[in-house]
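Chain residues, written in single-letter form:
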Amino acid sequence: MSIERPYDIEPQSMADQIQTALKRAASSFGIDPPTLHSGAGHDTMQVAEVTDTGMLFARSRGGHSHSPLEHTNWLDCGVATQVLTLALAEMAGAELNP
């Protein structure tokens, strides 16, 4: 048996304050978000080398990602947008009530 690794990319941590703001925003909508490790080489990995970053994933039917089977319904897109808006407002120092 042998294992080949065509590439080896070090993981990039997301900023704690952004992840905290996203979790707090999700919680205000009654969502208990899991913490996920993403294996995809998102642009966020590159941006994280120069500034604080965080990622928010919208739910995809069947859990499919980066696949032709990936589908996120409009309601879940709307919820993710509301969570992102609330998190951004918090980080900007605004107070919004969902």
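Check the entry above for the structure.
As the structure is a prediction and not an experimental result, all values here were calculated from the model. Starting afresh in each chain, residues are numbered from 1 along the sequence in its written order. A pLDDT threshold of at least 70 governs which residues receive local features in this predicted model, and a stricter bar of 80 or more applies before side-chain atom pairs are shown or counted, although totals over entire chains, interfaces and linings include all residues. In computing side-chain properties, one takes all heavy atoms of the structure into account and sets aside hydrogens as well as water.

1. Overview of the nonpolar core
Side-chain atoms within 4.5 Å link the members of a nonpolar core, which is a set of buried Ala, Val, Leu, Ile, Met, Phe, Trp, Tyr and Cys residues. Burial classes follow relative accessibility: with a 1.4 Å probe on protein chains only, a residue under 20% of its type's maximum area counts as buried, one over 50% as exposed, and anything between as partly exposed. Judged by nonpolar contacts, Ala15, Ile18, Ala21, Leu22, Ala25, Ala26, Val83, Leu86 and Ala87 together constitute the single largest core of nine residues. Looking at this core, the elements that each hand over two or more residues are helix H1 (16-28) and helix H3 (74-91). Every helix listed is a DSSP run of H or I at least four residues long, and every strand listed is a run of E at least two residues long, numbered separately from the N terminus. The biggest single contributor to this core is H1, with five residues. Apart from the residues lying within four places of it in its own chain, the contact partners of Ala26 are Ile31, Pro33 and Val83. Contacts: residue pairs with any heavy atoms within 4.5 Å of one another.

2. Notes on the side chain of Asp76
Of note, Asp76 is situated in helix H3. Residue classification places Asp76 among the buried residues on the basis of a relative accessible area of 11%. Discounting residues that sit within four places of it in the chain, Asp76 has contacts with Ala58 and Arg59.

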